[in-house]
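Spelled out, the chains give:
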Amino acid sequence: MLSYSTQLIEDDDIALVNEVLQSRLLAQGPRVAQFEQDLCEYTGAAYAVVFNSGTSALQAAYSVIGIQEGDEIITTPISFVATSNMFVQLGAKPIWCDVKLDGNINEKQIEKLITPKTKAIVVVDFAGKPVVMQSIQNIAKKHKLLLIDDASHALGSSIDGKKLGTFADMSIFSFHAIKPITTSEGGAVLTDNAEYAEKLRLFRSHGVLKKELWNSDMVSMGYNLRMTEVAAALGSSQLKKLDKFIAKRNEIASYFDERFKNEKLFLTQKLEKNTISSRHLYPIILNPELHCPKEDIFKEMQTRGLGVQVHYKPIYKNSFYQKQFGMVSLPVANDFYNSEISIPCNQTMSMQDAEYVADTVLNILNKYAYRGCSF
Ligand SMILES: *Cc1c(COP(=O)(O)O)cnc(C)c1O
């Protein structure tokens, strides 16, 4: 099965993990500090604080930046549930902003959702494509709102040569197994704000400040959300290969773009010329006549060896959110959910694999194209 996304672990990754496993320190130590420094060097962010998951990184970011009960957060429904879960558990309310057909928040619809209770805008760079950062930064600045970038798909993505992780007050990354690089499970918050970085470190580790000798002081509430030395070593090793992974995923994605450029049955995600995408996903957006047979299309793709997935069910359609916040329905987000399929595009694939994927996708979609909704 060719997966929509997967990890690539090589001998040098394994050797390094082995070395750390045989070392004295397994919990937080120099490997964690090194990985944080590597992330800063790679992205250009001033501070990186790593966590045991992207979800923990989101929890820490929202807590430390001061999101609280009664705040309204303008965000996208087209994401993994953790993006909003972690501020909802702080008592904040999601204000859903509709998306565009590239899966990213529609920046033109943000401003009308702002109220006196709005505290932050939380965006997601869907599939690795950067959101329209300049406009969103301007809105945040004009209305004095915090800007948080859930860039879990987008380590290595950039705008005008500047890496994501440097555009928002805080940017969140995930190193879950199938994200752009992996630490098996892991995450990070990147920020240019020294005070935030300090608070994130405390939040990650019990709120405890080490003093001299055995003396320490717990100065704020904290948890244990730490990344292990083993995971951090894997992270540093993987980060060295990120540009190679991205180049490979872009080679496959460009091949797909070329193969699909005259397609009438579906759209693909178009990138701006001044941006680079990590290409974490390669989404195709089916035309309405393919919505009815989508289940059969999906099943046949799987049967024929394409490990496809749908990203994402709009978060407001989950029963928890419906019970907590009532029914919500946004036209483009709903349509996107009915239309989207992420097809295999990952760094372990050969160009022959890519050719097989393109051939199979075209073959299946053409087969179902005129079946419509009558069956
Ligand atoms: C994967 C992901 C997360 C959660 O990260 P974990 O490391 O799995 O906890 C959050 N937001 C988005 C957009 C993601 O894709």
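Everything that follows concerns the structure shown earlier in this document.
The structure reproduced in this document is the subject of the present report. Counting of residues starts from 1 at the beginning of each chain's written sequence and follows it residue by residue. The model is predicted, so local features are restricted to residues of pLDDT at least 70 and side-chain atom pairs to those at 80 or more, both for listing and for counting; the totals for chains, interfaces and linings are taken over all residues. Think of the side-chain values as coming from all heavy atoms in the structure, minus any hydrogens and water.

**What about the pattern of salt bridges?**
Thinking step 1. For this document, the term salt bridge refers to a Lys or Arg side-chain nitrogen within 4 Å of an Asp or Glu carboxyl oxygen. What the rule picks out here adds up to 18 salt bridges.
Thinking step 2. Two residues, Glu-107 and Lys-100, come together in a salt bridge whose shortest N-O distance is 2.9 Å.
Thinking step 3. For Glu-300, the salt bridge goes to Arg-304, with nearest N and O atoms at 2.9 Å.
Thinking step 4. Working definition: with a 1.4 Å probe on protein chains only, accessible area under 20% of the residue-type maximum means buried, over 50% means exposed, and in between means partly exposed. Overall, Arg-304 belongs to the partly exposed group, its relative accessible area being 29%.
Thinking step 5. Because the salt bridges share partners, they merge into one network encompassing Glu-10, Asp-12, Asp-13, Lys-241 and Lys-244.

**Some words on the packing of helix α3 (residues 54-64) against helix α6 (residues 194-204)**
Thinking step 1. At a minimum axis separation of 10 Å, α3 and α6 run at an interaxial angle of 125 degrees. By the angle between their axes, α3 is oblique relative to α6. Classified by chirality, the crossing of α6 by α3 is right-handed. Here Gln-59, Ala-60, Ala-61, Ser-63 and Val-64 of α3 lie close against α6, whose contacting residues are Tyr-196, Lys-199, Leu-200 and Phe-203. Lines fitted to C-alpha atoms define the axes, with helix axes restricted to the stretch in contact, and inter-axis angles between N-to-C directions lie between 0 and 180 degrees. The secondary structure listing takes helices from DSSP runs of H or I that are at least 4 residues long and strands from runs of E that are at least 2 residues long, numbered from the N terminus. Just so you know how the angles are binned, under 35 degrees is roughly parallel, over 145 roughly antiparallel, 65 to 115 roughly perpendicular, and the rest oblique. By definition, any crossing whose near helix is turned counterclockwise from its far helix by less than a right angle is left-handed, and any crossing with a clockwise turn is right-handed. Any pair of residues with heavy atoms lying within 4.5 Å of one another is described as a contacting pair.

**A few points about the sheet that holds strand β14 (residues 275-276)**
Thinking step 1. A strand pair is defined by DSSP finding two or more bridges across the two strands. Reading across from one edge, β8-β7-β14 is the order of the 3 strands in this open sheet, with antiparallel pairing throughout. Looking at the sheet topology across the chains shown, the edges are occupied by β8 (162-163) and β14.
Thinking step 2. Direction of pairing for strand β7 (residues 158-159) relative to β8: antiparallel, over a ladder of 2 bridges. Directly across from Ile-159, in β8, lies its bridge partner Lys-162.

**What about the pairing of strand β15 (residues 282-286)?**
Thinking step 1. Of all 5 residues making up β15, 5 are buried, and the element is well covered by its neighbours.
Thinking step 2. Here β15 shows no split at all, with Tyr-282, Ile-284 and Leu-286 on one side and Pro-283 and Ile-285 on the other all buried.
Thinking step 3. With 3 bridges joining them, strand β13 (residues 266-268) and β15 adopt antiparallel strand pairing. In the sheet register, Phe-266 faces β15, and the bridge partner there is Leu-286.
Thinking step 4. Across 4 bridges, β15 lies against strand β17 (residues 340-343) in antiparallel orientation.

**As for the site of the ligand**
Thinking step 1. Note on terminology: near, applied to a residue and a molecule or strand, indicates that one of the residue's heavy atoms is within 4 Å of it. Close to the ligand lie 16 residues, the nearest being Gly-54, Thr-55, Asp-150, Ser-174 and Lys-179.
Thinking step 2. Measuring from a nitrogen atom of the ligand, one finds a side-chain N or O atom of Ser-152 at 3.5 Å.
Thinking step 3. Polar contact is defined as a pair of N or O atoms within 3.5 Å, subject to the rule that within protein one atom must be able to donate a hydrogen and the other to accept it, and that residues adjacent in sequence are counted only when both atoms are side-chain atoms. Separating an oxygen atom of the ligand from a side-chain N or O atom of Ser-174 is a distance of 2.7 Å.
Thinking step 4. For the shell around the ligand, the leading source of residues is α3, giving 3 residues.
Thinking step 5. Polar here means any residue other than Ala, Val, Leu, Ile, Met, Phe, Trp, Tyr, Cys and Pro, which are nonpolar, and Asp, Glu, Lys and Arg, which are charged; Gly is therefore polar. Here the residues of the shell around the ligand sort into 4 nonpolar, 10 polar and 2 charged.

**A short note on the nonpolar core**
Thinking step 1. Buried residues of nine kinds, namely Ala, Val, Leu, Ile, Met, Phe, Trp, Tyr and Cys, make up a nonpolar core once their side-chain atoms join them within 4.5 Å. Of all hydrophobic cores here, the largest spans 44 residues; its most connected members are Phe-51, Tyr-62, Ile-67, Met-170, Val-189 and Leu-200.
Thinking step 2. At the level of elements, β2 (47-51), α3, α4 (82-88), β5 (118-124), β6 (146-150), β9 (170-174), α6 and α11 (331-339) are the ones that each hand at least two residues to this core.
Thinking step 3. Note: domain ranges come from an automatic or database domain assignment. Shared between two domains, this core takes at least three residues from each, and those domains are domain 1 (2-239) and domain 2 (242-368).
Thinking step 4. Those residues in contact with Met-170, other than ones at most four positions away along the chain, are Ala-61, Val-64, Ile-65, Leu-147, Ile-148, Asp-149, Val-189, Leu-190, Thr-191, Tyr-196 and Leu-200.
Thinking step 5. Judged by nonpolar contacts, the second largest core, of 42 residues, contains Ile-139, Ala-154, Ile-181 and Leu-242.

**Side note on the side chain of Arg-249**
Thinking step 1. Relative to the helices and strands, Arg-249 is located in helix α8 (residues 242-260).
Thinking step 2. Only four residue types enter the tally: Lys and Arg on the positive side, Asp and Glu on the negative side, with His and both chain ends excluded. The buried charged residue Arg-249 lacks any salt bridge partner; its closest oppositely charged side chain belongs to Asp-243, at an N-O distance of 8.7 Å.
Thinking step 3. Engagement of the side chain of Arg-249 in a polar contact is seen with the backbone oxygen of Arg-279, the distance being 3.4 Å.
Thinking step 4. When residues no more than four places from it in sequence are discounted, the contact partners of Arg-249 are Pro-180, Leu-242, Ser-278, Arg-279, His-280, Cys-345, Asn-346 and Gln-347.

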